[in-house]
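The residues making up each chain are set out below.
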Amino acid sequence: MNIRIVSSIVLSVAFVVLLITGVLLYLTPFNYFVSSLHIWGAILFLVCIALHFKNNFKTYKNHMQKRTGKWAMVVAVLGAAPIAIALMFDIAPVSSVVYFGHNIKKAQAPAKHEYELIDLATDENSPKLKIFFKAGKEYHSAPQSLFLNLTYTSVPQIVVWMETLEGKYIDTLYITGKTSNSSYRSKDLAVDVVRRPEALPYWSHKRGIKANDGLYTPEGKSSDLDGIAAATPKFDYQVAMSAPKMGRYKLMVEINRTYDFNEFYSKTRFPDDSIYSGSGSSGQPSLIYEAMMDSQKPGQYILNLIGHGHHSGKDGSLYTDLHNITSAKQILEFIVASVE
């Protein structure tokens, strides 16, 4: 039996199977039969490639001894590196190919109520407080230019804290990572990180800890924020945490997302404000939500929007006039807290 003929024929059949099943897997929801057929097609393809390589080893060796063959190998190996890096760091347009197929499959699949879980609960004897953040249509910013035609999107910064019924700060329960240590990156490659006092100013002034540069937003690691910081998820999520047994209290949430400019909060609205106009990314101010909680009474509580912070974080006042706030109200559809 001529192994070369058999491997060539089977290889061509395996290639057709991989091509058809690959397109189906890319464009349609998961199917056991198609997926299994794709795997077995890949196995046959690899076996035939191995046989083909064995039967043509001398020819392959001769190719590699030539300058063209060596250059082809270098280009093939090095060409995979930028693709791998782009996929790791979610860089368009390489990652866009993946998202395109994902979005097509998602549109065909039945709706699923999936969300990410962040568990910060450390005390089993304390009441467990869970807060669910439902992402709205403005949760992600529009794609922002980075460099070399690359883009990225911004997600909100969020902080959760407790206050007495009279409004006195008690403790921070959860905060997103970038605000907890001021690890905001700059578009300017010459600048390592930028400080963003406008991100969550109402909370930062309530917390009342001033950094070395005179700002109230945290700088570097802070002992009171250890163990309660986490990266902002890309979609709906729930945070579980321990809450003290203290009866009734206020549960506060402040959110803010960059690049959410509107007609009033435009890039040129405050030209003399070095913080607002300096980085060109402030947009609408932070929004503050509130709910009256009772750690002794299990139940669910909806947090209500009560105002916004200063547009550049110059003070810790609560501004209740929401007339000029538009799309920022749709960063989150709702926030619901539950006590267990």
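Residues numbered from 1 in each chain as written. Predicted model: local features only at pLDDT ≥ 70, side-chain atom pairs only at ≥ 80, totals over all residues. Heavy atoms only, no water.

Undergrad: Quick one: what's the story with a nonpolar patch on the surface, residue by residue and with numbers?
TA: Judged by side-chain polarity, F53, F57, Y60, W71, M73, V74, V75, V77 and L78 come together as a nonpolar surface patch covering roughly 870 Å² of accessible area. At the level of elements, α3 (57–65) and α4 (67–88) are the ones that each hand at least two residues to the nonpolar patch. Note on placement: M73 falls in helix α4. (Patch = residues over 30% accessible without salt bridge, like charges linked within 9 Å, V, L, I, M, F, W, Y side chains within 5 Å. Areas by Shrake-Rupley, 256 points an atom, 1.4 Å probe, with all protein chains shown as cover. Salt bridge = Lys/Arg side-chain N within 4 Å of Asp/Glu carboxyl O. Helix = DSSP H or I, 4+ residues; strand = E, 2+ residues; numbered from the N terminus.)

Undergrad: Kindly report on unusual backbone geometry, identifying the contributing residues and their values.
TA: Backbone geometry follows two general trends: most residues other than glycine have a negative phi, and most peptide bonds adopt the trans configuration. Positive phi, close to 65°, is recorded for Y259, a residue that is not glycine. Of note, Y259 is situated in the loop between β11 (248–256) and α8 (274–279). You can call Y259 buried: its relative accessible area is 17%. (Buried < 20%, exposed > 50% of the residue type's maximum accessible area, 1.4 Å probe, protein only.)

Undergrad: An account of the sheet that holds β11 is requested, with residue identities and associated values reported.
TA: A sheet is described by the order of its strands in space; here six strands give the open sequence β9-β6-β5-β11-β12-β14, paired in mixed fashion. Since the sheet does not close on itself, it has two edges, and those belong to β9 (229–230) and β14 (304–308), each with one partner. Where β11 lies against strand β12 (residues 287–294), eight bridges are found, and the strand directions are antiparallel. Within β12, the position partnered with I255 by the bridge is L287. (Pairing = 2+ DSSP bridges.)

Undergrad: Before we move on, can you summarise the pattern of salt bridges with the specific residues and values?
TA: On inspection of all chains with the given rule, the structure shows nine salt bridges. Among the salt bridges present, the one from K314 reaches D273, with a minimum N-O distance of 3.9 Å. Of this pair, K314 sits in the loop between β14 and β15 (332–339) while D273 sits in the loop between β11 and α8, placing them 41 residues apart in sequence.

Undergrad: Can you lay out the packing of aromatic side chains for me, pointing to particular residues and giving the numbers?
TA: In this structure the tally under the stated criterion is nine aromatic pairs. Where Y115 meets F132, the ring centres are 5.2 Å apart and the plane angle is 85°; that geometry is what we call edge-to-face. Here Y115 is found in the loop between α5 (94–108) and β1 (116–119), whereas its partner F132 is found in strand β2 (residues 128–135), with 17 residues between them in sequence. Taking relative accessible area as the criterion, Y115 reaches 38% and is therefore assigned partly exposed. For F132, a relative accessible area of 14% gives the class buried. With a centroid separation of 6.3 Å and an interplanar angle of 45°, the aromatic rings of Y265 and F270 are classed as tilted. The pair Y265 / F270 is uniform in exposure class, with both members buried. (Phe/Tyr/Trp six-rings, centres within 6.5 Å; stacked < 30°, edge-to-face > 60°.)

Undergrad: A description of α4 should follow, citing residues and the corresponding values.
TA: Quick reminder: α-helices carry 3.6 residues per turn. Residues three or four places apart thus point the same way. The end-to-end C-alpha separation of α4 is 32 Å, in line with the 32 Å expected for 22 residues at 1.5 Å each. Once α4 ends, the next one or two residues include D90, with phi positive near 55°. (Expected span 1.5 Å × (residues − 1).)

Undergrad: Help me get a handle on the sheet that holds β2, residues and values and all.
TA: With mixed pairing, the five strands of this open sheet are ordered in space as β1-β10-β2-β15-β13. Looking at which strands have only one partner, the edges of the open sheet turn out to be β1 and β13 (299–302). In this sheet, adjacent strand axes meet at a mean angle of 20° when their direction is disregarded. Strand direction decides the pairing type here: β13 and β15, joined by four bridges, are antiparallel. Residue I302 lies in a different strand from β15, and its bridge partner there is V336. (Axes fitted to C-alpha atoms, helices over the stretch in contact; angles between N-to-C directions.)

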